[in-house]
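As a plain string of letters, each chain reads:
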Amino acid sequence: MLTDYADRVLDVVDAIPAGRVMSYGDIAEYLGEGGPRQVGRVLAAYGGSVAWWRVIHADGTPAPGHDLAALARYQEEGTPLRSSVPPVRVHMREARWPGPDSEGAS
DNA sequence: CGTGTGACACGTA
DNA sequence: TTACGTGCCACAC
């Protein structure tokens, strides 16, 4: 059963375009509720249905245990990386995505 | 109902 | 740059 909050999180993650990423805190801030822990918990539970690798820490490091899988996606998606080997780090300054709002923004 | 833990973030050393 | 401590919220025990 997907809670309303989980549904919002998954919706935002699914909206992240290839080559772009968002931090847990960014998503929580975009939704305006909960916190980075809640976002992470949702992805850990239902992340299997979304591009969880596009959701990473504020440092640019992917989820622990899946850093290699995420790395493969980044190389495939063309995500700007600062480090191609562990500790895998995404170039947040360039890859950070403002949110779905930027798609229809004037 | 108290304690521990976690796919986090931030400040400071 | 890494390491440590603290605040945050939700959940398992």
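That block above? That's the structure.
All of these numbers come straight from a predicted model, not from anything done at the bench.

Peer 1: Could you give an account of the protein's contact with DNA strand B, naming the residues involved and the relevant values?
Peer 2: Around DNA strand B sit 13 residues, and of these Arg37, Ala44, His57, Ala58 and Ala63 come closest. Counted by atom, the contact set of DNA strand B within 4 Å of the protein is 42% sugar and phosphate. Take Arg37: an N or O atom from its side chain is 3.0 Å from a base nitrogen of DNA strand B. Those elements that provide at least two residues to the surface near DNA strand B are helix H2 (24-31) and helix H3 (36-46). By residue number, the principal contributor to the surface near DNA strand B is H3, which donates five residues. Here the residues of the surface near DNA strand B are counted per class, giving eight nonpolar, four polar and one charged.

Cut-offs and rules
Residues numbered from 1 in each chain as written. Chains lettered and ligands numbered in written order. Predicted model: local features only at pLDDT ≥ 70, side-chain atom pairs only at ≥ 80, totals over all residues. Heavy atoms only, no water. Near = heavy atom within 4 Å. Polar contact = N/O pair within 3.5 Å; in protein donor to acceptor, adjacent residues only side chain to side chain. Helix = DSSP H or I, 4+ residues; strand = E, 2+ residues; numbered from the N terminus. Nonpolar A, V, L, I, M, F, W, Y, C, P; charged D, E, K, R; others polar.

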